[in-house]
Amino acid sequence: MTKDTIKLIEDSMLGEKYAIAQVISKIESPNSQKFRNEIFSYLTERRSLHNSLTIGITGTPGAGKSSLLGEICREFLRMAPGKKMAIVAIDPSSNISGGSILGDRTRIQLPRRENAIYFRSQPSQLELGGLNPYTYHVIRFLRSIFDYVFVETVGIGQNEISVSLISDISFLVLQPLGGDQIQFMKSGIMEVPEAFIINKCDEIGLANNSFHMLETTLSFLKDVLPNQTLPPIFKTSVVKKMGIEELLQFIILYPNRKDKVNEARTQIQKWIKEEYGRFGLSIVPKLPNPPADSKSLNYFEILETLVSEKIKQYAKIV
Ligand SMILES: Nc1nc2c(ncn2[C@@H]2O[C@H](COP(=O)(O)OP(=O)(O)O)[C@@H](O)[C@H]2O)c(=O)[nH]1
Ligand SMILES: [Mg+2]
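All of these numbers come straight from a predicted model, not from anything done at the bench.

Q: Outline the overall build of the chain, listing residues and values.
A: The helix and strand tally for the chain stands at 11 helices and 10 strands. A separation threshold of at least 6 residues defines the contact pool for the chain, and within that pool the share at least 24 residues apart is 76%. Surface accessibility of the chain: about 15,600 Å² in total, with carbon and sulfur atoms responsible for 54%.

Q: So what's going on with the coordination of the magnesium ion (ligand 2)? Residues and values would help.
A: Protein-derived coordination of the magnesium ion (ligand 2) comes from Ser66 (OG) and Glu152 (OE), at a distance range of 2.2 Å. On the criterion of sequence distance, the pair formed by serine 66 in helix α4 (residues 65-79) and glutamate 152 in strand β7 (residues 148-154) is long-range, its members being 86 residues apart. When its relative accessible area of 8% is taken as the criterion, serine 66 is described as buried.

Q: Explain the site of ligand 1 residue by residue, including any values.
A: Gly62, Lys65, Ser67, Asp202 and Val238 are the nearest of the 18 residues found near ligand 1. The separation between an oxygen atom of ligand 1 and a polar main-chain atom of glycine 64 is 2.9 Å. The contact in question runs from an oxygen atom of ligand 1 to an N or O atom on the side chain of glutamate 152, over 3.3 Å. Calculation on ligand 1 without its partners gives an accessible area of 580 Å², and the protein chains cover 86% of this total. Broken down by element, the residue count for the shell around ligand 1 peaks at three residues, all from α4. Among the residues making up the shell around ligand 1, the classes are represented as four nonpolar, eight polar and six charged.

Q: Summarise the environment of serine 29; cite the residues concerned and give the values.
A: Along the chain, the position of serine 29 falls in the loop between α2 (17-28) and α3 (33-46). Among the residues examined, serine 29 registers a relative accessible area of 29% and is labelled partly exposed. With 105 residues separating them in the primary sequence, serine 29 and tyrosine 134 have C-alpha atoms 8.7 Å apart.

Q: Tell me about the packing of α2 against α3, residues and numbers included.
A: Viewed as axis vectors pointing N to C, α2 and α3 meet at an angle of 135°, and their least axial separation amounts to 8 Å. Relative to α3, the element α2 is oriented oblique. On α3, the residues that touch Val23, Lys26 and Ile27 of α2 are Phe35, Arg36 and Ile39.

Q: Tell me what's going on with the pattern of salt bridges, and back it up with residues and numbers.
A: Enumeration over the complete set of coordinates arrives at seven salt bridges. Its salt-bridge partner being aspartate 11, residue lysine 7 comes within 2.8 Å of it at the nearest N-O pair. Taken together, the residues span about one helical turn, with lysine 7 and aspartate 11 both in helix α1 (residues 3-13) at a distance of four residues. Judged by its relative accessible area of 21%, aspartate 11 falls in the partly exposed class. Between arginine 120 and glutamate 28 there is a salt bridge, with its nearest N and O atoms 3.1 Å apart. Linking arginine 120 in strand β6 (residues 117-122) with glutamate 28 in helix α2, this pair joins segments that are 92 residues apart in sequence. Bridged by salt links that share partners, the residues Glu71, Arg74 and Lys241 form one connected network.

The rules behind these values
- Every chain is numbered independently, its residues counted from 1 as its sequence is written.
- Naming scheme: in the order in which they are written, chains are lettered from A and ligands are numbered from 1.
- Local features in this predicted model are restricted to residues of pLDDT 70 or higher, and side-chain atom pairs are both shown and tallied only at a pLDDT of 80 or more, whereas totals for entire chains, interfaces and linings draw on every residue.
- Side-chain calculation: all heavy atoms of the structure are included, whereas hydrogens and water are not.
- For helices the rule is a DSSP run of H or I covering at least 4 residues; for strands it is a run of E covering at least 2, with both sets numbered from the N terminus onward.
- Any pair of residues with heavy atoms lying within 4.5 Å of one another is described as a contacting pair.
- Note on areas: these come from Shrake-Rupley sampling with a 1.4 Å probe, and a residue is covered only by the protein chains present in the view.
- Counted as donors are the N, O and S atoms within 2.8 Å of the metal, or 3.2 Å for Na, K and Ca, while water is not among the atoms, so some sites may look incomplete.
- Under the scheme applied here, a residue whose accessible area is under 20% of the maximum for its type counts as buried, over 50% as exposed, and between as partly exposed, the area being computed with a 1.4 Å probe on protein chains only.
- Nearness is judged by heavy atoms alone; a residue qualifies as near a molecule or strand once a single heavy atom is within 4 Å of it.
- Side-chain atoms alone can form a polar contact between residues adjacent in sequence; in general such a contact is a pair of N or O atoms within 3.5 Å, and within protein one must be able to donate a hydrogen while the other accepts it.
- Here the term charged refers only to Asp, Glu, Lys and Arg, the term nonpolar to Ala, Val, Leu, Ile, Met, Phe, Trp, Tyr, Cys and Pro, and the term polar to all other amino acids, Gly among them.
- Orientation is described by axes fitted as lines to C-alpha atoms, over the contacting stretch for helices, and by angles from 0 to 180 degrees between their N-to-C directions.
- Geometric relationships in this document are graded by angle, where less than 35 degrees denotes roughly parallel, more than 145 denotes roughly antiparallel, 65 to 115 denotes roughly perpendicular, and other angles denote oblique.
- Here, a salt bridge means any side-chain nitrogen of Lys or Arg that lies within 4 Å of a carboxyl oxygen of Asp or Glu.

Put into structure tokens, the structure is as follows:
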């Protein structure tokens, strides 16, 4: 690895925004496998025990996700001193850009030197789940630097499989009696997020109705899945600055970090399919077992290398 790359990574670890942006651009460029291999091996050695939390924030456009994230930033600086967070917005209409989150009512402008919070927006390629092929790596990289990585995606909880796989917690943001809530209820209980947020609770009457409807819907879950703990419902209002503290408290105290093995498997399957089509998938019937230290950041690279080798071998035979 070149001195320049090492410097880029070291600067990134300090939260230097320019360096982080450069690494992300390199990750996002085609044929970044070698670069990724280098940086993730380096990062694994550098701080293999870093335990970061990825939080998915999903909901229909207009539910208030960006506005909520703006408020979360504000509270975060107060409630989690010394900690760092990043936001990745995967939304073609994202109002997060450069150093600011722009909402109609919120405008968070961070000081240039504020290294505790980093924003990035990624154009969605309208893939199922709203993630583009590099999102996974970008988030993995950010996770090695930031204590919390928030991912904002558009969706209503049905086509959000990818984002919930990447996240340790996923929140579904609903607005009071919006069509999305009805949609969620119709869609049944296939994809239940870890938690709900009913935003815009300044609309008190509607919000209460919404809350009770959702509670009732979720209580059916208890009958169907008796061992499942019901997801909590948070009530927030960006306008009234209500409920944000409780929400952030829940995130900060959240204990479970999902194991990252399944996520790497899913992502590698996507990658093989993309590089080699169904043909690729068919010649790799079984992915190799994860190494004992499956927490290692570069598990994906280990798999990716093994798979590439297998495919090369196969190509020789044919
Ligand atoms: N009344 C009310 N409006 C809100 C609240 N949060 C966001 N909004 C408004 O809802 C609209 C959509 O917000 P935005 O954050 O862009 O939603 P996103 O598409 O989910 O990211 C904007 O006009 C916001 O000002 C809230 O708590 N109460
Ligand atoms: Mg938004």
